[in-house]
Amino acid sequence: MQMNDSQRIEAPRQKVWEALNDPDVLKASIPGCEELTKHSDTEMEAKVKLKVGPVKATFGGKVTLNDLDPPNGYTIEGEGSGGVAGFARGSAKVRLEEDGPDATILHYDVDAKVGGKLAQLGARLIDSTAKRLAGEFFTAFAEQVAPSRPQEEITAAAATAEAPEQKKGWLGGLFGG
């Protein structure tokens, strides 16, 4: 399976680079991630629970970062096993491109192979699941790196907002009284 795409993230390239190397950000962004352990600057281990069609499994795997070019990108190589569900292995070339001072375009090219029961599900289901998981990852990752609305703003807005019925009663709120 091959997949490539780009995602715009509302954060400077350096901040996106740091997040791509932060195990807490990655764990919060990877769909179904239960554990993520960073062994070194280039090696991580993960445990991820996924459902692909009718197959549900917990995958354990190792990830290695190669061709590091901070803050421009790297190559991720990994493999994981889900027991009888099968295995997955592959690589992804990740490239970060500045899009102005406060935005970054993250480009990725993935080449992956699956085996076991997963391979029997068919390429169409595997491809659609991979695209869905990539979408979920990037939505969560972007929210981790550049929250759409800072928590302080949300808290301040909630504290100062007062519904009309609290101010004037529900009838006065309806008639402006």
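Keep in mind it's a predicted model, so treat the numbers as computed, not measured.

(A) Seen up close, the sheet that holds strand β7 (residues 104–115). One open sheet accounts for 7 strands, arranged β1-β7-β6-β5-β4-β3-β2; its pairing is antiparallel. Only two strands of the sheet have a single partner each, and these edge strands are β1 (2–9) and β2 (33–38). Ignoring strand direction, the axes of neighbouring strands in this sheet form an average angle of 20°. Two strands pair when backbone bridges link them, and β1 and β7 are joined in this way by 8 bridges, in the antiparallel orientation. Counted as the bridge partner of Ile-9 is Thr-104 from β7. Against the sheet, helix α1 (residues 13–20) makes contact with β1, β4 (55–69), β5 (73–81), β6 (87–98) and β7, and its axis sits at roughly 160° relative to β6, the strand it touches most. Against the sheet, helix α4 (residues 123–145) touches β1, β3 (43–52) and β7, its axis set at about 20° to β1.

(B) Broad picture of the pattern of salt bridges. Considering all chains together, one arrives at 8 salt bridges under this definition. Between Arg-8 and Glu-10 there is a salt bridge, and its shortest N-O distance comes to 2.1 Å. The exposure class assigned to Glu-10 is partly exposed, which follows from its relative accessible area of 49%. One network of salt bridges, with partners in common, ties together Glu-34, Glu-35, Lys-47 and Lys-49.

(C) Main features of the nonpolar core. Core analysis: the largest hydrophobic core is formed by 39 residues, its most contacted members being Ile-9, Val-16, Leu-20, Leu-106, Tyr-108, Phe-141 and Val-145. With 8 residues, the top contributor of residues to this core is α4. In contact with Leu-20, not counting residues within four places along its chain, are Leu-26, Tyr-74, Val-94, Leu-96, Leu-106 and Phe-141.

(D) Up close: the side chain of Thr-75. Turning to its location among the elements, Thr-75 is positioned in strand β5. Here the side chain of Thr-75 touches Asp-67 through a polar contact of 3.1 Å, side chain to side chain.

(E) Inspection of the packing of aromatic side chains at higher detail. All chains considered together, the criterion is met by 4 aromatic pairs. With 5.0 Å between their ring centres and 20° between their planes, Tyr-108 and Phe-138 make a pair best called stacked. With a gap of 30 residues between them, Tyr-108 in strand β7 and Phe-138 in helix α4 connect regions that are remote in the sequence. Residues Tyr-108 and Phe-138 agree in their burial class; the two are buried. Seen in terms of ring centroids, Phe-137 and Phe-141 are 5.5 Å apart; in terms of plane orientation they differ by 15°. Their pairing is stacked. Of this pair, Phe-137 and Phe-141 both sit in helix α4, 4 residues apart, which is roughly one turn of that helix. Judged on exposure class, the residue Phe-137 and its partner Phe-141 are both buried. Put simply, the rings of Tyr-108, Phe-137, Phe-138 and Phe-141 touch in pairs and so form one group of aromatic residues.

(F) Examining the environment of Ala-92 more closely. The residue Ala-92 is located in strand β6 in this model. Judged by relative accessible area, Ala-92 falls into the buried class, the value being 12%. Sequence separation of Ala-92 and Tyr-74 is 18 residues, and the distance between their C-alpha atoms is 8.4 Å.

(G) How the structure looks around the environment of Thr-75. Thr-75 sits in the buried class, given a relative accessible area of 9%. For the pair Thr-75 and Tyr-108, spaced 33 residues apart in sequence, the C-alpha separation works out to 9.4 Å. Apart from the residues within four sequence positions on either side, Thr-75 is in contact with Thr-64, Leu-65, Asn-66, Asp-67, Ser-91, Ala-92 and Lys-93.

Definitions and limits used
Residues numbered from 1 in each chain as written. Predicted model: local features only at pLDDT ≥ 70, side-chain atom pairs only at ≥ 80, totals over all residues. Heavy atoms only, no water. Pairing = 2+ DSSP bridges. Helix = DSSP H or I, 4+ residues; strand = E, 2+ residues; numbered from the N terminus. Axes fitted to C-alpha atoms, helices over the stretch in contact; angles between N-to-C directions. Contact = heavy atoms within 4.5 Å. Salt bridge = Lys/Arg side-chain N within 4 Å of Asp/Glu carboxyl O. Buried < 20%, exposed > 50% of the residue type's maximum accessible area, 1.4 Å probe, protein only. Core = buried A, V, L, I, M, F, W, Y, C linked by side-chain atoms within 4.5 Å. Polar contact = N/O pair within 3.5 Å; in protein donor to acceptor, adjacent residues only side chain to side chain. Phe/Tyr/Trp six-rings, centres within 6.5 Å; stacked < 30°, edge-to-face > 60°.

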